[in-house]
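Structure assessment
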Amino acid sequence: MRIAVFSDIHANLEAFEVFASDAARRRIDKYVCLGDLVGYGANPNACIEGVRALPQVEVLLGNHDAAATWITSPYEMNTKAREAIMWTMDRLTDANRAFLENLPPLYREGNHVWAHASPFNPKAWTYVQDHASARLCLWRTRADLTFVAHTHRPLVIRPTRMLRLAFETPEHEEVVTLTPGNRLVCNCGSVGQSRDGLPAGSYLVLDTDAARIEFIRFGYDVEKAAQKIHSAGLPAFFAQRLLKGQ
Ligand code: ZN
């Protein structure tokens, strides 16, 4: 089975549409979305509807989805993020709000687990990006493969000898081969708001039959998405950030 794992669309329809057509060309059997469908960008409803329309899709709750539906308080976010969430709240359709409200924070199948942030207490929204958080994550899940997002940067974390961990940044079309018993934490990056300096989306494809994970980057019309943020009256910071991939 070929599973596309993607996350952090952040209401960026230009990025989502390119992701959806890029993934469709790669013979995907199933999709797993790790959350943050909304926040920052100008097209929250269209992005939610696009994700819901994917064939065979599991969708998880992200911290921005939780804030946009008052599962958590948006007042815990920084001022600009909160402003975008308030803007989003005013525009979500009833059906899309209900969809976000009912998203689970964790998905598990066999020896694989998926969460927006650390599966160790997923609603604490902890980034898995250093030794301490990665160890907690690996210890908590006991899964061979753990998929996370939330940092907006693609990453592979693998245990090496003597309880050490290696952190690797995958390139476009880089393939990670899976061997039985080897445990990995993979971050699929972000479809709509990359933060690794490249203004391009990212996701990954897990191929369970071929025992491999492929990391994908794709370009999209960043200028158009940024212009929409300006036109919508959302904080200009989010448009500038998109253009720089920060
Ligand atoms: Zn996010």
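Right above here is the structure, for reference.
Here goes a summary of the coordinates provided. (Residues numbered from 1 in each chain as written. Predicted model: local features only at pLDDT ≥ 70, side-chain atom pairs only at ≥ 80, totals over all residues. Heavy atoms only, no water.)

Of the regular secondary structure elements, the protein holds 8 helices and 12 strands. For 246 residues, the compact-globule formula gives about 18 Å, and the C-alpha radius of gyration of the protein, at 17 Å, lands near that figure. Seen through its C-alpha atoms, the protein measures out along the principal axes to roughly 50 × 35 × 30 Å. Within the protein, the proportion of its 246 residues that are buried is 57%. For the protein, the share of sequence-separated contacts (at least 6 apart) that also reach a separation of at least 24 residues comes to 73%. For the protein, the accessible surface area stands at approximately 10,700 Å², while carbon and sulfur atoms represent 50% of it. Each charge class in the protein was averaged separately, 27 positive and 27 negative side chains, and the resulting centres sit 5 Å apart. (Helix = DSSP H or I, 4+ residues; strand = E, 2+ residues; numbered from the N terminus. Rg over C-alpha atoms; globule rule 2.2 N^0.38 Å. Buried < 20%, exposed > 50% of the residue type's maximum accessible area, 1.4 Å probe, protein only. Contact = heavy atoms within 4.5 Å. Areas by Shrake-Rupley, 256 points an atom, 1.4 Å probe, with all protein chains shown as cover. Lys, Arg positive; Asp, Glu negative; His and termini not counted. Charge placed at Lys NZ, Arg CZ, Asp CG, Glu CD.)

Bound to the zinc ion on the protein side are Asp8 (OD), His10 (NE2), Asp36 (OD) and His152 (NE2), at distances that span 1.9 to 2.3 Å. Each of the 4 donor atoms bound to the zinc ion contributes to angles spanning 83 to 171°, and the resulting shape is irregular. For the zinc ion, the donor residues sit on a single chain with the sequence spacing D-x1-H-x25-D-x115-H. With a gap of 142 residues between them, His10 in the loop between β1 (2–6) and α1 (13–24) and His152 in the loop between β6 (145–148) and β7 (154–159) connect regions that are remote in the sequence. Per residue, the accessibility class of His10 equals that of His152, and both read buried. (Donors = N, O, S within 2.8 Å, 3.2 Å for Na, K, Ca; no water. Tetrahedral: all angles 85-135°; square planar, octahedral: opposite > 155°, others 65-115°.)

Sheet strands pair via backbone hydrogen bonds, and the direction of the pair is either parallel or antiparallel. Strand order across the open sheet formed by 6 strands is β4-β5-β6-β10-β7-β8, with mixed pairing between neighbours. Each end of this open sheet is capped by a strand with a single partner; those strands are β4 (106–109) and β8 (165–168). On average, each strand axis in the sheet is inclined to that of its neighbour by 15°, with strand direction left out of account. Here β7 pairs with β8 via 4 bridges, running antiparallel. Paired with Val156 across the bridge in β8 is Glu168. Lying on the sheet, helix α6 (residues 131–141) is in contact with β4, β5 (112–115), β6, β7, β8 and β10 (184–188); it crosses β8 at an angle near 110°. (Pairing = 2+ DSSP bridges. Axes fitted to C-alpha atoms, helices over the stretch in contact; angles between N-to-C directions.)

Taken in spatial order, the 6 strands make up an open sheet running β3-β2-β1-β11-β12-β9, and their pairing is mixed. Both outer strands of the open sheet, β3 (57–59) and β9 (175–177), are each paired with one neighbouring strand and no more. For this sheet, the mean inter-axis angle between neighbouring strands, taken without regard to orientation, is 20°. Those strands touched by α1 are β1, β2 (30–33), β11 (201–207) and β12 (212–218), and its axis lies near 140° from that of β12.

This brings us to the pattern of salt bridges. Throughout the structure, instances matching the rule amount to 10 salt bridges. Across the pair Asp94 and Arg97 runs a salt bridge, and its minimum N-O distance is 3.1 Å. On the criterion of helical spacing, the pair formed by Asp94 and Arg97 is a turn pair, its members being 3 residues apart in helix α5 (residues 94–101). (Salt bridge = Lys/Arg side-chain N within 4 Å of Asp/Glu carboxyl O.)

What follows concerns the side chain of Arg241. You can see Arg241 is positioned in helix α8 (residues 236–244). Comment: no salt bridge for buried Arg241; closest opposite-charge side chain is Asp36, at 9.9 Å. At 2.8 Å, the side chain of Arg241 and the backbone oxygen of Gln246 are in polar contact. Look past the residues within four positions of Arg241 in its chain and what remains in contact with it is Tyr40, Gln193, Arg195 and Gln246. (Polar contact = N/O pair within 3.5 Å; in protein donor to acceptor, adjacent residues only side chain to side chain.)

So, on to helix α7 (residues 222–232). Because each turn of an α-helix spans 3.6 residues, side chains separated by three or four positions end up pointing in the same direction. For α7, the set of buried residues is Val222, Ala225, Ala226 and Ile229. An end-on view of α7 places all buried positions within 100° of arc, on one side of the element. Among the exposed residues of α7, those pointing more than 90 degrees away from its buried face are Glu223 and Ser231. Buried-residue contacts for α7 involve α1 and α8. Note on α7: the residue one or two positions beyond its end, Gly233, has a positive phi of about 80°. (Arc of directions from axis to C-beta.)

It is worth spelling out the layout of surface pockets at this point. By volume, the largest pocket is sized at about 360 Å³. Surrounding the largest pocket, 21 residues form its lining, Asn63, His64, Met77, Ala81 and Tyr127 being those nearest its centre. Elements represented by at least two residues in the lining of the largest pocket include exactly α3 (63–68), α4 (79–91) and α8. Classifying every residue of the lining of the largest pocket gives 8 nonpolar, 8 polar and 5 charged. As a volume, the second largest pocket reaches approximately 160 Å³. Per-element accounting of the lining of the second largest pocket gives the leading share, 3 residues, to α6. Counted by class, the lining of the second largest pocket contains 5 nonpolar, no polar and 3 charged residues. (1 Å grid on protein atoms, 1.4 Å probe; cavity = no way out; pocket = protein on both sides within 12 Å on 5 of 7 lines; lining within 4 Å. Points joined across faces, edges and corners; volume = space filled by probe spheres on them. Nonpolar A, V, L, I, M, F, W, Y, C, P; charged D, E, K, R; others polar.)

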